[in-house]
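# Observations on chain architecture
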Number of protein chains: 2
Amino acid sequence: MSEGICSHLKLKALGIDTFKEHTIFLPKHCSICIAQGFDVPSRVLVRLSDKEILATLNIIDDDLLKNGEASLSVRAWKLLGAKENQIISISHPPPLPSLSHVRSKVYGHHLSSEAIKSVIADIAAERYTDIYTATFLAACAGGRLTDGEIIDLTKSMVDVGDKLIWDNEVVVDKHCIGGLPGNRVTPIVVPIIASFGMLIPKTSSRAITSPAGTADVMEVLAPVDLTIEQMKKVVNKEGGCIVWGGAVNMSPADDIMIRIERAMDFDSEGQLIASVLSKKIAAGSTHIVIDIPVGETAKVRSRASAKILENLFYKVAHELGLTLTVIKSDGVQPVGRGIGPSLEALDVISVLQNADDAPLDLKQRAIMVAGAILEFSKDINKGEGELYAKHILESGEAWNKFQAICNAQGGMRQPLKAKHIHVLCASRKGVVKKIDNRYLSRLAKLAGAPHDKAAGVLLNVKLGEMVDKGQQILEIHAESKGILKYAVSFLKQYSEIITVE
Amino acid sequence: MSEGICSHLKLKALGIDTFKEHTIFLPKHCSICIAQGFDVPSRVLVRLSDKEILATLNIIDDDLLKNGEASLSVRAWKLLGAKENQIISISHPPPLPSLSHVRSKVYGHHLSSEAIKSVIADIAAERYTDIYTATFLAACAGGRLTDGEIIDLTKSMVDVGDKLIWDNEVVVDKHCIGGLPGNRVTPIVVPIIASFGMLIPKTSSRAITSPAGTADVMEVLAPVDLTIEQMKKVVNKEGGCIVWGGAVNMSPADDIMIRIERAMDFDSEGQLIASVLSKKIAAGSTHIVIDIPVGETAKVRSRASAKILENLFYKVAHELGLTLTVIKSDGVQPVGRGIGPSLEALDVISVLQNADDAPLDLKQRAIMVAGAILEFSKDINKGEGELYAKHILESGEAWNKFQAICNAQGGMRQPLKAKHIHVLCASRKGVVKKIDNRYLSRLAKLAGAPHDKAAGVLLNVKLGEMVDKGQQILEIHAESKGILKYAVSFLKQYSEIITVE
């Protein structure tokens, strides 16, 4: 631009993964910072040939970067398609007009469709810092979105992502609000539904804070990171699939907002509804079953709040042209026996194979959800869905279909078993009075789940069950002796995980 | 803890300055992440001997850190008093109970004194991520704080910082809401008040997004980074001081919240009032003048919103036992001629020295504010304050006192002049119709302010002034030729900075 000042910098890879907003690293004595009048913390527009991103400026010691050099956080590097020694240019970013809508919502004003659209477009394009996104979410929470705004939010979230289109008139899906540990009904429900002949193109998530997501469990049994094209092929061939939603790009804004909401542990109804329904609409679904587990340690804690959520779901879904069935289920204790990818996969397989020791609660939940979905079919009368679901499952049809789906997704795999196991025995005779879901999840994670597929916790008892002194009530599975010991030491500190009285 | 797994890591300095929440950097294949079940992004408790902090986990390439090594962001490193190769331990952080209050506020509930206290204590102790703080601020904005909550917020913010105690019954202070470029009345007001014999222990801020803060301007003329002890000495000797508030630790929570608010460009009334009054109470003030400039490009844009703010200020101040005078002033155009540390300091000096060419608007504003403060004295009748202030200023007493204060703060300095100057001349004859405060500030920053003390912009005209074609209307001052050229190229793009018609 003029002597001594240049807005061009040479890229150097440092591989710093910030997991969040894009970050540009500049050396302490970067002349460009002074020249451009960049304050810190500052937002910077970074351009590499025809691509650009907004990044937050961090400063780094001159040892790692010299004047004239710059580095980018891992995700920013990838999005720009950057290579070592390429030249980027940096400049002041253009103002983000959508922030005025965020402020407007903070002040409690109603947002127009256009306003919501522009906010969601900027979030999806990763132009917001965490501060902006958190502010928007906080301003929308606490019942501050009208039904109209929730509908606009849902539509906007669909608009910014890819959308699947199917030929079938009825395309079904399911969603469980705030999962329970081990509640892995999806890999059972999908083959039941697909066997019946309904289309169920299911995308699932990986664990974010839990010991396993449905995608993690399914990955034990088959590849899940399919492209949209591959996913379509599977669904067209088998009528259903169970793939990782993160590999497809169906609701990019939602992925970002969910990260912030998890950090804050929010329960924003409007956001939740928009999040769930936008992903279903993007997947091309027309008929959806929503399962709301209600219980003290579940996400929805009372019948009353479940009812409010249910009504809102019906209202918004109706406006969006979706057919919905909401079922409320028991959210008091973990489902099945395993907690962790492989252990949950084993539960799933035993239910599909109708094994004698298959966990009955997991089977019953799968039948309940599948039954509700089947009743979307004009060939099934109300109240008869579960009968059909049970028949398809118990006849072995679902197991055959599941294997076919796995093969179509790239080949079926055998779950691994952990090398190291610690068994906890009851210290007294009595009744299982309480199981702490939160500590159980934590224990499974400490044992290595979901990173170590075979790691996790195996529960041998259910609430209300009578146990003898010395009876095995819980197993910790780990892939190394060291990690197992570590998890055991946690268990010893928190013996209230399972209360026998 | 057990073989193969150890929660101890060796520190390696990388000097990464994140400017915000503390960050711990761990190598990609850090076994401790797996062992402890850390998810990313995750919060981690970092301990070094008896000190601990909460940090956000970032992952870095194995080239920079080996397994068993860790690094910390600059501020975290400093707070822990860390040294290269020292051993830190990391673990899961304890839950932050105050986050439930943040969520409660998001849902629109009233917060108790205790709840507000715990939130502010955690913010001040730097235990919140930006997401948490942004969520709290968004939940409090838009008139969602009751007067009682604003009072509790103010008290809590005072409680977490250091407090000054003075022997005098009346201790005065002033504050201007949302500064105008060049509005540097403080270095004129303080010596007037101190000359009269009232106690005015003034702390000021440095620029955050502006080309100069009062502390930056004062620093041109004397040292401002005094400790609390040094500050007390100056005030006890001279009756007043003008020091940098950031060097003392009077409202640590506020410093953090202001950073988030600036990023969002919030105007949260409750937060603003708590922010201003908490700092004044911490400084030991009993009587305060609040100046609210009102104008289109000022922070407060209308008489109506100024009135709301004024009423709220009076109410909260009354509850906190403070005596307050609110004055509303003209916020339409920059004050004085200079924008930038040295240029503003020169304006201040010329007013204090009663120079013929001293900017009249700056002088009048200083007299207005000083007059309002003087009327807190029982020796001065209402309406006579400005007369006294004018007399003290014009008699040279204020100038003498100012020099005494500078010397007490460490010695008076001469403002530097810039080496390179570009002059903008009017392209036509006409009247100055519009001056864009925002672009002026940007231009001054591009010229190097506040980093380069002598850099900035000198305005030679005022709104409504008649100018001839070719008349000098604006000067850009810079410390290097290159930077000057850069600023000039900006000026050429944005010729609407000054509109002559």
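Quick caveat: nothing in here was measured; it's all calculated off a predicted structure. Each residue is numbered by its place in its chain's sequence as written, counting from 1. Written order determines the labels here, with chains lettered from A and ligands numbered from 1. Residues qualify for local features only when their pLDDT is at least 70, as the model is predicted, and side-chain atom pairs are given and counted only at 80 or more; totals for whole chains, interfaces and linings, by contrast, use all residues.

### Things to note about the overall build of chain A
Per the secondary structure count, chain A includes 18 helices and 18 strands. Considered along the principal axes of its C-alpha atoms, chain A spans approximately 80 × 55 × 45 Å. In chain A, which comprises 501 residues, the share counted as buried stands at 57%. For helices the rule is a DSSP run of H or I covering at least 4 residues; for strands it is a run of E covering at least 2, with both sets numbered from the N terminus onward. Residues with at least 20 neighbouring C-beta atoms inside 10 Å of their own are called buried, those with 12 or fewer are called exposed, and the rest are partly exposed, where every C-beta is derived from the backbone.

### Details of the confidence of the model for chain A
All names here are of chain A. The pLDDT value expresses, per residue, how confident the predictor is, ranging between 0 and 100. Here chain A averages 90 in pLDDT, while 96% of its residues score no lower than 70. Contacts from residues 1-6, a stretch scored under 50 in pLDDT, to residues over four places away or in other chains number 18 contacts. Here the predicted complex scores 0.85 on pTM and 0.82 on ipTM. A pair of residues counts as a contact when their C-beta atoms, built from backbone coordinates, are separated by no more than 7 Å.

### A few points about the pairing of strand S2 (residues 23-27) of chain A
Residues and elements named next belong to chain A. Taken across its 5 residues, S2 has 5 buried, putting it largely inside the fold. Side chains Thr23, Phe25 and Pro27 of S2 all project onto a buried face; the interleaved residues Ile24 and Leu26 project onto the opposite face, where all are buried too. Strand pairing follows a simple DSSP-based rule, namely that at least 2 bridges must link the two strands. Of the pairings in the sheet, the one linking S2 to strand S4 (residues 51-60) comprises 5 bridges and is parallel in character. From the neighbouring strand, Thr23 faces S4, where its bridge partner is Thr56. The sheet contact formed by S2 and strand S5 (residues 69-72) spans 2 bridges and is antiparallel. Considered in S5, the bridge of Phe25 is made with Ser71.

### A look at the sheet that holds S4(A)
Residues and elements named next belong to chain A. Spatially, the 6 strands close up into a barrel ordered S1-S5-S2-S4-S3-S6, and their pairing is mixed. Strand after strand, the sheet turns through a mean of 45 degrees between neighbouring axes, direction not considered. Two strands pair when backbone bridges link them, and strand S1 (residues 8-11) and S5 are joined in this way by 2 bridges, in the parallel orientation. Bridged to Lys10 within S5 is Glu69. All axes here are fitted lines through C-alpha atoms, helices being fitted over the stretch that makes contact, and every angle between N-to-C directions spans 0 to 180 degrees.

### Digging into the pairing of strand S11 (residues 323-330) of chain A
Residue and element names in this part refer to chain A. Note that strand S10 (residues 287-294) and S11 share 8 bridges and pair parallel. Bridge pairing in S11 places His287 opposite Thr323. Whether a crossover is right-handed comes down to one check: with the strands pointing away from the viewer, does the path from the first strand over the helix to the second run clockwise; if it does, it is right-handed. The handedness of the S10 to S11 crossover, carried by helix H12 (residues 303-319), is right-handed.

### Some thoughts on the nonpolar core
Put simply, a nonpolar core is buried Ala, Val, Leu, Ile, Met, Phe, Trp, Tyr and Cys residues tied into one set by C-beta atoms within 7 Å. A:Ile193, A:Ala447, B:Ile193 and B:Ala447 are the most contacted members of the largest nonpolar core, which has 286 residues in total. Excluding residues that lie within four positions of it along the chain, A:Ala447 makes contacts with A:Ala455, A:Gly456, A:Val457, A:Ile476, A:His477, A:Ala478, A:Ile483, A:Leu484 and A:Ala487. Counting 54 residues, the second largest nonpolar core, distinct from the first, contains A:Cys30, B:Val46, B:Ile59 and B:Ala76.

### Examining the domain arrangement of chain A
Bear in mind that the domain bounds are from an automatic or database domain assignment. When the domains of chain A are assigned, the result is domain 1 (8-91), domain 2 (99-156), domain 3 (172-249 + 264-409) and domain 4 (420-500). Distance from the C-alpha centre of domain 2 of chain A to the C-alpha centre of domain 4 of chain A: 42 Å.

### Observations regarding helix H3 (residues 99-106) of chain A
Along H3(A), the residues classified as buried are A:Leu99, A:His101, A:Val102, A:Lys105 and A:Val106. Projection of H3(A) onto a plane perpendicular to its axis shows the buried side chains occupying an angular sector of 155 degrees, all on one side. Of the surrounding elements, those touching the buried residues of H3(A) are helix H4 (113-124) and helix H5 (130-140) of chain A together with helix H5 (130-140) of chain B. A positive phi of about 90 degrees marks A:Gly108, the residue just after H3(A). Comment: arc refers to directions from the helix axis out to C-beta atoms.

### Quick word on the environment of B:Ser251
Residue and element names in this part refer to chain B. Mapping Ser251 onto the fold places it in the loop between strand S9 (240-244) and helix H10 (252-264). On the basis of neighbour count, Ser251 is assigned to the buried category, with 29 C-beta atoms found within 10 Å. Expressed as a C-alpha distance, the spacing of Ser251 and Thr154, which sit 97 residues apart in the sequence, is 10.0 Å. Contact partners of Ser251, with chain neighbours within four places excluded, come to Met157, Gly161, Ser278, Lys279 and Ala282.

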